[in-house]
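# Report on the structure
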Amino acid sequence: MPARFIFECAQKLEMKPLTSATAAILYHRFFRELDDTEYDPYMIACSCLYLAGKIKDDKVRKRDVINVAHNTIHRGAPPLEPCDEYWSMWDTIVQAELFIARVLKFDMTIVHPHKYMLHYMKSLQDQFGAQDWQALPVARAAASFLQDFHHSPKILDYKPAHTAVCCLALAFQVYGVPVPLMDEMDETTRWYNIFCPELTREQHWEIMESIMDVYDMETIISEN
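Residues numbered from 1 in each chain as written. Predicted model: local features only at pLDDT ≥ 70, side-chain atom pairs only at ≥ 80, totals over all residues. Heavy atoms only, no water.

## A closer look at the pattern of salt bridges
To keep things clear, this is the line we draw: Salt-bridge detection follows one rule: a side-chain nitrogen of Lys or Arg within 4 Å of a carboxyl oxygen of Asp or Glu. Note on conventions: DSSP H or I runs of at least 4 residues are helices, E runs of at least 2 residues are strands, and numbering of each starts at the N terminus. Any residue under 20% of the maximum accessible area for its type is buried, any over 50% is exposed, and the rest in between are partly exposed; the area is computed with a 1.4 Å probe on protein chains only.
With the rule as written, the count across this model stands at 7 salt bridges. Among the ionic pairs, Arg 32 bridges to Asp 157, the shortest N-O distance being 2.8 Å. On the criterion of sequence distance, the pair formed by Arg 32 in helix 2 (residues 17-33) and Asp 157 in the loop between helix 8 (138-149) and helix 9 (160-175) is long-range, its members being 125 residues apart. In this structure, Lys 154 engages Asp 213 in a salt bridge whose closest nitrogen and oxygen atoms are separated by 3.7 Å. A residue pair is termed long-range when its members are at least 10 positions apart, and Lys 154 in the loop between helix 8 and helix 9 and Asp 213 in helix 10 (residues 201-223) qualify at 59 residues. Assessed through its relative accessible area of 35%, Asp 213 is described here as partly exposed.

Below, the structure is given as C-alpha cells:
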C-alpha cells in the first residue's frame, strides 16, 4: 500500500510527522486528479516524500530517499550503488516532482488538522486540569488516529478542523472518558460544537467511521 510505504520511509528517514502527513496529502491529491493505473504509485510516493521535505523545510537527500525506498520495497537489499537502476530512480523522482507540482497547479498549500488539534487539546487540558489530562491516553491516541487517517484519501474530504475534533472524539470514546464540557451543554449540542459549531452529528459520525475504516483496510492488507 503506497500510503503505508510513505510513512514507513518517512520514519526510516527520520522525517517529522507533519512532513510525512504532507507527503501523504500530496500523494492523495495527485491520484485524485489522475488515473493511478498510469503511474507507478511507489515512485510518485517517493517524489511526494522528497517534495514534502522541501515544503516543510525537512529536507532529505535524494540518495537517501532512493536507498530507503529501494530497501523498503526489496526487504533486506543492500544500498544501491550508482547503476542503471539507481540513476533511473533518480531521474524518475526529479521528473515526477515537477509533474506532481503541475498536476496540483503548483498549489502546495496544505492546512493540516494538527494545528487545530493542538488548540483543542490545550482547551481540553484546561477543562480536565493539566495533571489529569497528562494521565489520560487521549492525546496520544487522537494523534495516532490523525496520523493513521492520512493513509486514506478520505482525509481530503473533510475540513481539517472537523478531522481534528473527530480524532479527539474517537479517542474519548475508545477509552470511555467523559468530557467535562458536556455538563455545560444542552441536549441538542455536543461538546465538539464548542470548537466546530457547524459540525453536525451526522458529519461527526461519518468522519469517525471513515477514520475507523482505515484500520479495517489495514487488517485486510495484513491478512493478504
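## Observations regarding the confidence of the model for the chain
Note the threshold: One number per residue, pLDDT, summarises how confident the predictor is, and it ranges from 0 to 100. The contact criterion used is simple: two residues touch if any of their non-hydrogen atoms lie within 4.5 Å.
Residues at a pLDDT of 70 or more form 92% of the chain, whose mean pLDDT is 87. Confidence drops under a pLDDT of 50 for residues 220-224, and excluding neighbours within four residues, the segment shows 3 contacts in the predicted structure.

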